[in-house]
Amino acid sequence: MAIMSKEYYADIESVYKKPEDYELAGKGNAYIRIDAEAKVTGSAVYTDDVDLPGMYYCKLVHSPYAHALIKSIDFSEALKLPGVKGVLTGADFPEGHNLGNPEAFKELADKEPLCRKKVRMVGDEVAAVCATTEEIATQAAALVKVEYEVLEPVLDPFYSMQPDAPAIHYPGTSNLSIFTTMKAGDPDKVFAEADYTDKHYYRTQQMVHAAIEPHGAVAKYENNEWTVWTTTQGAYVSRYWIAWGLGVPESQVRVIKPMLGGGFGGKLDVFAHELCPCKFAQMTGHPVKCILKRDEVFMCTRTRHPISFEIESAFTKEGKLLAKRCKHILDGGAYGGSGIAANTLSLICATFPYKVENIDMTARRPYTNHPASGAMRGYSACQVHFAHEIHMDEVANALGIDPLELRRMNEITPYYTGPTGLEFTSCKFDECMVAVADYIDWKHRDRYPIGSGQGVGLSGSGFMSGTGFPVLVTPHYCSSSTIVRLNREGYAVVFSGANDIGQGCDTVMTMIVAEELGLRMDEVKLVQSDTTATPWDAGSFGSRVTFLGGNACRRAVGDAKFKLLSHWAEEWGCKPQDITMKDHRVFIKGDPEKNISYNEACFGYEEKNFGRCVAGVGSFAHEGDKDIYVKNVGNYATAYSFSASAAKVTVDMETGAVTLDDFAFGHDCGRPLNIRAVEGQIEGSVLLGFGFTCYEECVYDKDGKHLNPSFRDYHFPTALDMPKIKTFVCSEYDPEGPMGAKEAGEGSTAPVGSAIGNAINYATGLTLKELPITPEKLWRALREHEKTGKTVFGAEDLPEKFANMPPLPARD
Amino acid sequence: MKKIIHFTLNGEPVEALAPVNMTMVDFLRKEMHLTGTKRGCEEGECGACTILLDGRAVPSCIMLAMEADGHEITTIEGVKKNGVLHPVQQEFMDKWALQCGFCTPGMIMSALSLLNENPNPTEEEIRDGIAGNLCRCTGYVKIVEAIDCAAKKLAKAKEAEA
């Protein structure tokens, strides 16, 4: 693939260290996280740990109704409480300045900082109070009286699209927040002529990110400027929406991301708990903190889209995948935000990890009165790969082909270009698949008779490495930027816009700079995620941080290195590429004369350049087009990662309880920059995928009230529930990745659920088409199977619902 | 209403005036300014606020500050002694047994409690010992490995001492 910026950065890239010379990024990866000591001693500062003198506290008032009109708000009792310092309603924010994400789709922004006239979900924010202590603020919030006119809640996404459904936002739009299509080839002809065709239905549930750190923010106002410490995955994106929501220039808002206690996509959007403290800080002159309680995090932040699937496929009798048609209905919940990307991602992922030339796919994201769905780790991929990979086993069984062979027969191979223009680079999918199948001893799976209570399952997936999500309305929609300064006192400073949300990118950026300059890790000082101190970065999402941020960081240090080496090349009568930086020295290999210290090298440059320090800037963006989002034509990412999973389960046929006995994961993340970091991402992905498959679900009553907004009632796996995890890193140097790396954090969640699902189906002899597979659901299915012989369970209502959908609106 | 309480905090005697209805986690964070103990759920489910009460792990969000009176309390800030990390802390660093780090202080306190009671735990016992601490990032694999390595190191050191 032609990366246009390659030419622009050619000089800089010419002085990059060669793979055979890597030390830190080389074999062994013997370095530890730069934040590890702070995190094991408790000194790491997270948002809730920011404690400023004279700080006040903010609490939000939430709607108890899923759909209602606000008739009146009465603060009189709350204001009588000693210690209360102020109150806010929607009218305190500029009208029409709704919150959304990203900036490039500002016209889709649909969330008022505080609701003015209408609430659209239980937990919608209608007012805020500010007081001298958290306790008083909590009491005051409870004293605010809001009068509502309750409307009919719309909780079924299929009903939401019907002409007679009440409008959640805009009348006459079928409640669609966005719809997307993706077409190639001639699927109708292929379906008419194929040996094998089918049509199947699946459904996934709503789950939440459940980062252990609750969302929150601290704001202060001084010198006509706001400083906001907040739980964000993208300081610059937060800054954009906070400024927009307040109606002030971006120059007057500084956003700092302290340590972040997990994001998983749930901290991408901007919320009332960030804007209200800003307003109160300006009103009172005091810093103001707002930290959400756990039930608020459950109800008022974001969730993973529940998706209903209709999948049709056409194969030859030998097992070649010829065509796919599918319809994805995503329950968008009450708002858009980061959720608007879900459609496109669901369709792109539906083509992974196989070659399919004829496709006809649509995704619709209707609004409902559920909490807003948004980005979540393995965005759309977890749901899509669950449905499409359970489907793959069904096809294999119908055709009488080994599910492993069916997958290998159709898999994407290196440098394949898909029918809509997706351009793949390195691809080790086959190696991943074979490694996990061998580990689980797939060949001898007959040792577990089908329906015996024990079984194994396989699954494969692909994901974009460095999303092309158009965040900004600029030529480079999705850039990451870095500045590196070399200091003659023997160190370097890296100003990185990348947002470490726990995954460890601060360590990776530090390592890249240290590696290129031949410094120790502790000689590279990191300044991170602060809109005043660090350059622009689109945020941590879409598996873009290592790939885009890492490349940006390498270009920045390369820029500085090229300047420094050009100076010494002139002094020494050689080319910059002849000079090596290693072990704190700058030298020509084998020449004892031309060998100086790093400090001396920097000093010499400064002396020659009138004191100017050596500094470099670098940026990286996927050079895609916004059209990919509208038309689904073109390439989405610079590279793609691939994964395969194998699970061994035991199902207690009496109780329906599932034990995950063993799990193997093969991941093609390019060249790993730190093997333990990659393993950690994979192990965490397995937890998320196992929770998704067997544990987690947000449950609502008929009025749209969340019934389990606590860790007491919403379970995810504990240390006792998790198996050992065997990781296979099937790596190959990716030509576009930083030091050959691709993504390792998101794609790794995608094939987990379906491997477990396929293993459960094998162990029980049933086909389960709906998540989560809880013991209760499985117990009911097993009992019914005993009585009636029924084998397929879940999503039974979907054929009728899909058949009765209104036609897609015309695209303007 | 406030009352005076006396207790030992990270080895130092403390006399403090505390509201009778204040939870221990809020008291530690807001009054003692020890923010290493985290608020994750405030209902005793996630374990991020775990501290040691007389050497045993307790969630400090469902404990009142009053209940510390007369007891010995250890928080994450008291684990590193004389500038030297505890082997459990060191192993968490070396094994990459943390990612976002928000559960880490509580996780380490539970590990210390486990090792106080059972210096040679099996893998199953380690998993049981941290079953009250939720981690969303790691899948617990490297945490279990780090605690196991720390237990072995501590046992070896004890052997050498004897």
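Source: prediction; values computed, not measured. (Residues numbered from 1 in each chain as written. Chains lettered and ligands numbered in written order. Predicted model: local features only at pLDDT ≥ 70, side-chain atom pairs only at ≥ 80, totals over all residues. Heavy atoms only, no water.)

**Considering the overall build of chain B**
Alright, step 1. Per the secondary structure count, chain B includes 5 helices and 5 strands.
Alright, step 2. For chain B, whose C-alpha radius of gyration is 16 Å, the value lies close to the compact-globule estimate of 15 Å for 162 residues.
Alright, step 3. Each principal axis of the C-alpha distribution contributes one length, and for chain B these read about 50 × 40 × 25 Å.
Alright, step 4. Out of the 162 residues belonging to chain B, those deemed buried represent 54%.
Alright, step 5. Sequence-distant contacts in chain B: of pairs separated by 6 or more residues, those separated by 24 or more amount to 54%.
Alright, step 6. Surface summary for chain B: the accessible area is close to 6800 Å², and the carbon and sulfur share equals 51%. (Helix = DSSP H or I, 4+ residues; strand = E, 2+ residues; numbered from the N terminus. Rg over C-alpha atoms; globule rule 2.2 N^0.38 Å. Buried < 20%, exposed > 50% of the residue type's maximum accessible area, 1.4 Å probe, protein only. Contact = heavy atoms within 4.5 Å. Areas by Shrake-Rupley, 256 points an atom, 1.4 Å probe, with all protein chains shown as cover.)

**Regarding the sheet that holds strand β12 (residues 288–291) of chain A**
Residue and element names in this part refer to chain A.
Alright, step 1. The 7 strands are arranged β3-β5-β1-β12-β9-β10-β11 in an open sheet whose pairing can be described as mixed. Looking along the sheet, the strands with just one partner apiece sit at the ends: β3 (84–89) and β11 (253–256). Here the average twist between neighbouring strands, direction ignored, is 20°.
Alright, step 2. Two elements, strand β1 (residues 56–62) and β12, share 2 bridges in a ladder whose sense is parallel. Residue pairing across strands places Tyr57 opposite Lys289, the latter belonging to β12.
Alright, step 3. Docked against the sheet, helix α5 (residues 134–143) engages β1, β3 and β5 (125–131), running at close to 25° with respect to β1. (Pairing = 2+ DSSP bridges. Axes fitted to C-alpha atoms, helices over the stretch in contact; angles between N-to-C directions.)

**Observations regarding the nonpolar core**
Alright, step 1. Ranked by size, the top nonpolar core spans 163 residues in total, and within it Ile756 and Ile760 of chain A together with Phe92 and Tyr140 of chain B carry the most contacts.
Alright, step 2. Tallying contributions element by element places helix α12 (residues 381–399) of chain A first for this core, with 10 residues.
Alright, step 3. Within the second largest apolar cluster, 50 residues are counted, among which are Ala492, Ile512, Ala569 and Ile588 of chain A. (Core = buried A, V, L, I, M, F, W, Y, C linked by side-chain atoms within 4.5 Å.)

**Topic: the environment of Pro94 of chain A**
All names here are of chain A.
Alright, step 1. Here Pro94 shows up in the loop between β3 and β4 (118–119).
Alright, step 2. On a C-alpha basis, the gap between Pro94 and Trp244 in space is 9.0 Å, while along the polypeptide they are 150 residues apart.
Alright, step 3. Setting aside anything within four residues of it in sequence, one finds Pro94 in contact with Arg116, Gly245, Leu246 and Gly247.

**Looking at the packing of aromatic side chains**
Aromatic ring pairs are described here by two measures, namely the spacing of the ring centres and the angle between the planes.
Residue and element names in this part refer to chain A.
Alright, step 1. Summed over the entire model, instances satisfying the criterion amount to 25 aromatic pairs over all chains.
Alright, step 2. Ring geometry for Tyr65 and Tyr148: centres 5.3 Å apart, planes at 75°, overall edge-to-face. On the criterion of sequence distance, the pair formed by Tyr65 in the loop between β1 and β2 (68–74) and Tyr148 in strand β6 (residues 145–150) is long-range, its members being 83 residues apart.
Alright, step 3. Joined through ring pairs, the aromatic side chains of Phe352, Tyr354, Tyr416, Phe424, Phe429, Tyr640 and Phe642 make up one cluster.
Alright, step 4. Stacked on the ring of Phe191, the Lys or Arg Arg325 has its end atom at 4.1 Å from the ring centre. (Phe/Tyr/Trp six-rings, centres within 6.5 Å; stacked < 30°, edge-to-face > 60°. Lys NZ or Arg CZ within 6 Å of the ring centre and 35° of its normal.)

**Here we look at the pairing of strand β18 (residues 454–465) of chain A**
All names here are of chain A.
Alright, step 1. Counting buried residues in β18 gives 11 out of 12 residues, a clear majority hidden from the surface.
Alright, step 2. Relative to strand β26 (residues 639–651), β18 runs antiparallel, the two being bridged by 12 bridges. By the bridge assignment for β26, Ser461 is matched with Ser643.

**Some remarks on the domain arrangement of chain B**
Residues and elements named next belong to chain B.
Alright, step 1. According to the domain assignment, chain B contains domain 1 (2–78) and domain 2 (87–161).
Alright, step 2. Inter-centroid distance (C-alpha atoms) of domain 1 to domain 2 is 22 Å.
Alright, step 3. In this assembly, 17 residues from domain 1 lie in contact with 14 residues from domain 2.
Alright, step 4. Together, the buried faces of domain 1 and domain 2 total about 1200 Å²; carbon and sulfur atoms form 62% of this surface.
Alright, step 5. Applying the counting criterion to the domain 1 and domain 2 interface returns 1 salt bridge.
Alright, step 6. Residues Glu117 and Arg56 are paired through a salt bridge, measuring 3.2 Å at the closest nitrogen-oxygen approach.
Alright, step 7. Counting across the domain 1 and domain 2 interface gives 6 residue pairs in polar contact (both at pLDDT 80 or more).
Alright, step 8. Those elements giving two or more residues to the side of domain 1 that touches domain 2 turn out to be β3 (50–53) and β4 (56–59). (Domains from an automatic or database assignment. Buried area = accessible area lost by both parts, 1.4 Å probe. Salt bridge = Lys/Arg side-chain N within 4 Å of Asp/Glu carboxyl O. Polar contact = N/O pair within 3.5 Å; in protein donor to acceptor, adjacent residues only side chain to side chain.)

**Regarding the interface of chain B and chain A**
Alright, step 1. Each side of the interface is counted separately: chain B has 49 residues, and chain A has 58 residues.
Alright, step 2. Here chain B and chain A share an interface that buries about 4600 Å² over both sides, 55% of which is from carbon and sulfur atoms.
Alright, step 3. Here chain B and chain A share 15 salt bridges between them.
Alright, step 4. With a shortest N-O distance of 3.0 Å, Lys142 of chain B and Glu683 of chain A are connected by a salt bridge.

**Regarding helix α17 (residues 598–608) of chain A**
Alright, step 1. Listed as buried for α17 of chain A are Tyr598, Ala601, Cys602, Gly604, Tyr605 and Glu606 of chain A.
Alright, step 2. Backbone geometry just after α17 of chain A places Phe610 of chain A at a positive phi near 55°.

**Some points on the packing of helix α19 (residues 675–694) of chain A against helix α20 (residues 752–764) of chain A**
All names here are of chain A.
Alright, step 1. With their axes 8 Å apart at the nearest point, α19 and α20 run at an angle of 50° to one another. Between α19 and α20, the interaxial angle falls into the category oblique. Crossing of α19 against α20: the hand is right-handed. From α19, Ser685, Val686, Gly689, Phe690, Thr693 and Cys694 reach across to α20, where they touch Val752, Gly753, Ile756, Gly757 and Ile760.
Alright, step 2. Across the contact of α19 with α20, the residue classes tally to 6 nonpolar, 5 polar and no charged. (Parallel < 35°, antiparallel > 145°, perpendicular 65-115°, else oblique. Left-handed = near helix turned anticlockwise from the far one by under 90°. Nonpolar A, V, L, I, M, F, W, Y, C, P; charged D, E, K, R; others polar.)

**As for the pattern of salt bridges**
Residues and elements named next belong to chain A.
Alright, step 1. Summed over the entire model, instances satisfying the criterion amount to 73 salt bridges over all chains.
Alright, step 2. In this structure, Lys17 and Glu515 form a salt bridge, with 2.8 Å as the shortest nitrogen-oxygen distance. With Lys17 in the loop between α2 (10–14) and α3 (36–41) and Glu515 in helix α15 (residues 505–517), this residue pair connects regions lying 498 residues apart in the sequence.
Alright, step 3. Measuring nitrogen to oxygen at the nearest pair gives 2.9 Å for the salt bridge that ties Lys111 to Asp124. On the criterion of sequence distance, the pair formed by Lys111 in the loop between β3 and β4 and Asp124 in the loop between β4 and β5 is long-range, its members being 13 residues apart.

**Some words on the sheet that holds strand β16 (residues 358–366) of chain A**
Residues and elements named next belong to chain A.
Alright, step 1. Judged by pairing direction, the sheet is mixed, and its 5 strands sit side by side in the order β7-β16-β15-β14-β8 without closing on themselves. A single partner strand is all that each edge strand has here, and the edge strands are β7 (176–184) and β8 (196–203). On average, adjacent strands in this sheet sit at an angle of 10° to one another, irrespective of strand direction.
Alright, step 2. The pairing of strand β15 (residues 321–330) with β16 spans 7 bridges and is classified as parallel. Following the sheet pairing, Lys327 is matched in β16 by Thr362.

**So, the domain arrangement of chain A**
All names here are of chain A.
Alright, step 1. Domain annotation for chain A reports domain 1 (5–30 + 479–620), domain 2 (47–151 + 209–300) and domain 3 (303–469 + 627–803).
Alright, step 2. The partner domain 3 presents 27 residues to the 23 residues of domain 1 that form the contact.
Alright, step 3. Where domain 1 meets domain 3, there are 1 salt bridge.
Alright, step 4. Two residues, Lys6 and Glu736, come together in a salt bridge whose shortest N-O distance is 3.8 Å.
Alright, step 5. For the interface between domain 1 and domain 3, the tally reads 6 residue pairs in polar contact (both at pLDDT 80 or more).
Alright, step 6. Listing elements by their share of the side of domain 1 that touches domain 3, those giving two or more residues are α15 and α16 (545–572).
Alright, step 7. At 6 residues, the largest contribution of residues to the side of domain 1 that touches domain 3 is made by α16.
Alright, step 8. For the side of domain 1 that touches domain 3, the class distribution of residues is 10 nonpolar, 8 polar and 5 charged.

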